[in-house]
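# A structural walkthrough
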Amino acid sequence: MSGSAPAADIRGMFDRIAGRYDLANRILSAGVDRFWRHQAITTLLDGLGDSPTTLDLGAGTLDGAIAILRRRPSARVCAADFARNMLVAGTRKPAAAAVAAQVADAHALPYQDRVFDAAFSAFCVRNLRDRELALRELRRVVRPGGRVVILEFFRPRRPRLFWDGIYNAHVLPLLGRAVTGDAAAYRYLPASIAAFVVREEFEARMRAAGFAKVSGRELFPGGVAALVVAE
Ligand SMILES: C[S@@+](CC[C@H](N)C(=O)[O-])C[C@H]1O[C@@H](n2cnc3c(N)ncnc32)[C@H](O)[C@@H]1O
């Protein structure tokens, strides 16, 4: 599967690996994915009060939604993802009981205008078929002045010998296949990073989608994961 695979293929891929997705994440990132989500959610919730209404877009197995609830137990947390099996794996987690999970496509969100104080999306936007449309949908459902935090693997500005030449190209597909049994999914991951935009380009697209204030920062040396924050 290439870095710009059709939506049905991407959905099918996540549905296939759903049962082993969390384990693969922990192993492939050596647990650092939790730290990245923690950082992103700290930024998301900063100054939002005790009970914000939040969306986790491309919520997968609900780790982000659960992390929001842990930090703000009285928040209202909605989670949207188009891969049903990912959400089903997430809703089996006891901590996800209060999450309102819904099968939904980021290009046509089933929410009213301006209902969310904040939206979070981790490792989803790289997979979108029509990024502009999906960003406008995000803009639509978040209230004016509300915050959007995107956590992603953006395309690096310069090729990185270790991450691109060794880890992503060789180690990740082998480990991903060993854990999930799905070689294609873990070849798709580095291919989708290589086919994605650099962070600054994504920030420009957020501005074009109507977000007035957009900034970004790297979360790891070498820019492996980064945040884009928009309001
Ligand atoms: C790499 S996973 C990330 C899951 C979760 N956010 C996390 O941090 O572990 C990407 C998720 O985005 C979802 N996704 C991709 N394209 C989507 C779309 N068009 N609409 C909704 N969800 C989508 C996939 O089904 C998958 O669950």
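## Brief notes about the sheet that holds strand β7 (residues 226-230)
As a general point, the strands of a sheet are linked pairwise by backbone hydrogen bonds and lie either parallel or antiparallel. Strand order in the open sheet made by the 7 strands is β3-β2-β1-β4-β5-β7-β6, with mixed pairing throughout. Looking at which strands have only one partner, the edges of the open sheet turn out to be β3 (100-103) and β6 (214-218). The mean inter-strand angle of the sheet, taken between neighbouring strand axes irrespective of direction, is 15 degrees. Bridging between strand β5 (residues 142-152) and β7 involves 5 bridges; their strand directions are antiparallel. Bridge pairing in β7 links Val149 to Val229. This element, helix α3 (residues 63-71), spans β1 (53-57), β2 (76-81) and β4 (116-122) of the sheet and lies at about 175 degrees to β2. The sheet strands contacting helix α5 (residues 131-141) are β1, β4 and β5, and the helix crosses β5 at an angle near 135 degrees.

## A short note on helix α1 (residues 7-28)
Under the 1.5 Å per step criterion, the end-to-end length of α1 is only 24 Å for 22 residues, more than 12% shorter than the ideal 32 Å. Considering bend angle alone, the principal kink of α1 is centred on Ala18 and spans about 75 degrees. Taken together, the buried positions of α1 are occupied by Ile10, Met13, Phe14, Ile17, Ala18, Tyr21, Asp22, Ala24, Asn25, Arg26 and Leu28. Contacts from the buried residues of α1 go to α2 (32-45), α3, α4 (84-91), α6 (161-180) and α7 (183-194). Ala30 lies just past α1 and shows a positive phi near 55 degrees.

## Overview of the side chain of Glu137
When you line up the elements, Glu137 lands in helix α5. Engagement of the side chain of Glu137 in a polar contact is seen with the side chain of Arg140, the distance being 2.7 Å. Beyond its immediate sequence surroundings of up to four residues, Glu137 is in contact with Ala106, His107, Ala108 and Leu109.

## With respect to a nonpolar patch on the surface
A cluster of nonpolar residues, Leu161, Phe162 and Ile166, forms a patch on the protein surface that exposes about 320 Å² of accessible area. With respect to the helices, strands and loops of the structure, Ile166 is situated in helix α6. Given the relative accessible area of 40%, Ile166 is considered partly exposed.

## Comments concerning the environment of Leu55
Inspection of the secondary structure assignment puts Leu55 in strand β1. What makes Leu55 buried here is its relative accessible area of 0%. As a C-alpha pair, Leu55 and Cys78 span 23 residues in sequence and 4.8 Å in three-dimensional space. Discounting chain neighbours no more than four positions away, the residues touching Leu55 are Cys78, Ala80, Leu109, Tyr111, Phe116, Ala118, Ala119, Phe120, Leu138 and Val141.

## Quick word on helix α8 (residues 199-208)
Regarding α8, the residues found buried are Arg199, Phe202, Glu203 and Met206. For α8, the buried positions fall inside an angular range of 105 degrees around the axis, keeping them on one side. Here the buried face of α8 lies against α5, β5, β6 and β7. Just beyond α8, the residue with positive phi is Gly210, at close to 115 degrees.

## Things to note about the environment of Glu218
As for its placement among the helices and strands, Glu218 is situated in strand β6. C-alpha separation for the pair Glu218 and Arg205, spaced 13 residues apart in sequence, amounts to 18 Å. In this structure the side chain of Glu218 is engaged in a polar contact, spanning 3.3 Å, whose partner is the side chain of Arg157.

## Here we look at the packing of aromatic side chains
In this structure the tally under the stated criterion is 7 aromatic pairs. Each ring, one from Tyr111 and one from Phe116, has its centre 5.0 Å from the other, and the planes form 80 degrees; the classification is edge-to-face. Overall, Tyr111 belongs to the buried group, its relative accessible area being 10%. The interplanar angle of 25 degrees and the centroid separation of 4.6 Å between the aromatic rings of Phe123 and Phe153 together place this pair among those described as stacked. Taken together, the residues span a long stretch of sequence, with Phe123 in the loop between β4 and α5 and Phe153 in the loop between β5 and α6 at a distance of 30 residues. By the burial criterion, Phe123 is buried, and Phe153 matches it. One aromatic cluster is present, formed by Trp36, Phe123 and Phe153 through successive ring pairs. The ring centre of Phe82 lies 5.3 Å from the NZ or CZ of Arg11, which sits over that ring.

Procedures and definitions
Residues numbered from 1 in each chain as written. Predicted model: local features only at pLDDT ≥ 70, side-chain atom pairs only at ≥ 80, totals over all residues. Heavy atoms only, no water. Pairing = 2+ DSSP bridges. Helix = DSSP H or I, 4+ residues; strand = E, 2+ residues; numbered from the N terminus. Axes fitted to C-alpha atoms, helices over the stretch in contact; angles between N-to-C directions. Contact = heavy atoms within 4.5 Å. Expected span 1.5 Å × (residues − 1). Bend = angle between axes of the 7 residues up to and from the residue. Buried < 20%, exposed > 50% of the residue type's maximum accessible area, 1.4 Å probe, protein only. Polar contact = N/O pair within 3.5 Å; in protein donor to acceptor, adjacent residues only side chain to side chain. Patch = residues over 30% accessible without salt bridge, like charges linked within 9 Å, V, L, I, M, F, W, Y side chains within 5 Å. Areas by Shrake-Rupley, 256 points an atom, 1.4 Å probe, with all protein chains shown as cover. Salt bridge = Lys/Arg side-chain N within 4 Å of Asp/Glu carboxyl O. Arc of directions from axis to C-beta. Phe/Tyr/Trp six-rings, centres within 6.5 Å; stacked < 30°, edge-to-face > 60°. Lys NZ or Arg CZ within 6 Å of the ring centre and 35° of its normal.

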